[in-house]
Amino acid sequence: EAYWGGGYKELISSLSEVSADYSEVIMDRPNYSPYIYFLFYQKTDPAKFQKEVIRYPEDKEGFQHVKKLSGIIFKPILWAEDILVPNRLLVSWAESTPPSATNSAILIDKDIFLALNNQFGETFGLQVGDIIKRRIIKTIKLNNGQDYFYLIEVKRIPQGTPFTL
């Protein structure tokens, strides 16, 4: 089932319900061409697709993977970096998601703050003492019950605000 697009219909329905709550939605594995399922299930007009799509440069086989479409960024998730940027929703395959991304938090100290600024050229409104919380907000399962996709929220908790994981 996983090889035949299992889980995508529910994934796309779930994303349509929550994606507006985040400044970015990032989906892992652009080389798997997940955008095709978005085109199909959202019944995207081909002319609209051609007008809006942003592609990666051609790969060695001459194929251009989709980089951005309908507000979704298709890129490899760099776990050490991408789970530090608040107000994002990460979409990943369950089997390749590190446990540290699914239900954890990290205190933004001076070193992390400077690393964010060096890496991205901005600090995303974070301050030293803030907490970045990561948690799964939705699990998409295959028909056999196996976890297939995770929707992972990356959220800023301001310094001094109580929270739970």
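Details of the structure are given in the entry above.
Residues numbered from 1 in each chain as written. Predicted model: local features only at pLDDT ≥ 70, side-chain atom pairs only at ≥ 80, totals over all residues. Heavy atoms only, no water.

## Things to note about the overall build of the protein chain
The helix and strand tally for the protein chain stands at five helices and eight strands. The order of helices and strands in the protein chain, counted from the N terminus, is α-β-α-α-β-β-β-α-β-β-α-β-β. Over its C-alpha atoms the protein chain spans a radius of gyration of 17 Å, differing by no more than 12% from the 15 Å that the globule rule assigns to 165 residues. Across the 165 residues of the protein chain, 41% fall into the buried class. Across the protein chain, the fraction of contacts at a sequence separation of at least 24, relative to all contacts at a separation of at least 6, is 65%. (Helix = DSSP H or I, 4+ residues; strand = E, 2+ residues; numbered from the N terminus. Rg over C-alpha atoms; globule rule 2.2 N^0.38 Å. Buried < 20%, exposed > 50% of the residue type's maximum accessible area, 1.4 Å probe, protein only. Contact = heavy atoms within 4.5 Å.)

## Focus on the pairing of strand S8 (residues 147–157)
It is a general feature of regular strands that their side chains alternate between the two faces of the sheet. In terms of residue burial, S8 counts as a mostly covered element, since eight of its 11 residues are buried. Pairing of strand S7 (residues 131–141) with S8 involves 10 bridges; the strand directions are antiparallel. Bridge pairing links isoleucine 132 to arginine 156 in S8. The turn joining S7 and S8, which pair antiparallel and follow one another in sequence, is formed by five residues; a positive phi near 90° is taken by glycine 145. (Pairing = 2+ DSSP bridges.)

## Here we look at unusual backbone geometry
Although it is not a glycine, asparagine 87 adopts a positive phi angle of roughly 65°. Within the secondary structure layout, asparagine 87 lies in the loop between helix H4 (79–82) and strand S5 (88–93).

## Regarding the side chain of aspartate 28
Looking at the secondary structure, you find aspartate 28 in the loop between strand S1 (24–27) and helix H2 (35–41). An unpaired buried charge is present at aspartate 28: no salt bridge exists, and arginine 29, the closest side chain of opposite charge, is 4.5 Å distant. Polar side-chain contacts of aspartate 28 include one of 2.8 Å to the backbone nitrogen of isoleucine 77. (Lys, Arg positive; Asp, Glu negative; His and termini not counted. Salt bridge = Lys/Arg side-chain N within 4 Å of Asp/Glu carboxyl O. Polar contact = N/O pair within 3.5 Å; in protein donor to acceptor, adjacent residues only side chain to side chain.)

## Let's talk about the sheet that holds S5
Taken in spatial order, the eight strands of this open sheet run S2-S3-S4-S1-S5-S8-S7-S6, and their pairing is mixed. Whereas interior strands pair on both sides, the edge strands pair on one side only; in this sheet they are strand S2 (54–55) and strand S6 (103–107). Running over the sheet, helix H1 (residues 8–18) touches S1, strand S4 (72–74), S5, S7 and S8 and is turned about 140° from S7. (Axes fitted to C-alpha atoms, helices over the stretch in contact; angles between N-to-C directions.)

## Quick notes on the pattern of salt bridges
All chains considered together, the criterion is met by eight salt bridges. Measuring nitrogen to oxygen at the nearest pair gives 3.5 Å for the salt bridge that ties lysine 138 to glutamate 10. With lysine 138 in strand S7 and glutamate 10 in helix H1, the pair connects residues that are 128 residues apart, well separated along the chain. Using a relative accessible area of 31% as the deciding quantity, one classes lysine 138 as partly exposed. Taking relative accessible area as the criterion, glutamate 10 reaches 34% and is therefore assigned partly exposed.

## Some details on the nonpolar core
Of all hydrophobic cores here, the largest spans 23 residues; its most connected members are Leu11, Leu15, Met27, Phe74, Val91 and Phe149. Those elements giving two or more residues to this core turn out to be H1, S1, H2, strand S3 (66–69), S4, S5 and S8. If one sorts the elements of this core by residue count, H1 sits on top with four residues. Discounting chain neighbours no more than four positions away, the residues touching methionine 27 are Tyr8, Leu11, Pro34, Phe38, Ile72, Ile73, Phe74, Lys75, Val91, Trp93 and Phe149. Core analysis: the second largest hydrophobic core is formed by 18 residues, Ile83, Ile112, Leu116 and Tyr150 among them. (Core = buried A, V, L, I, M, F, W, Y, C linked by side-chain atoms within 4.5 Å.)

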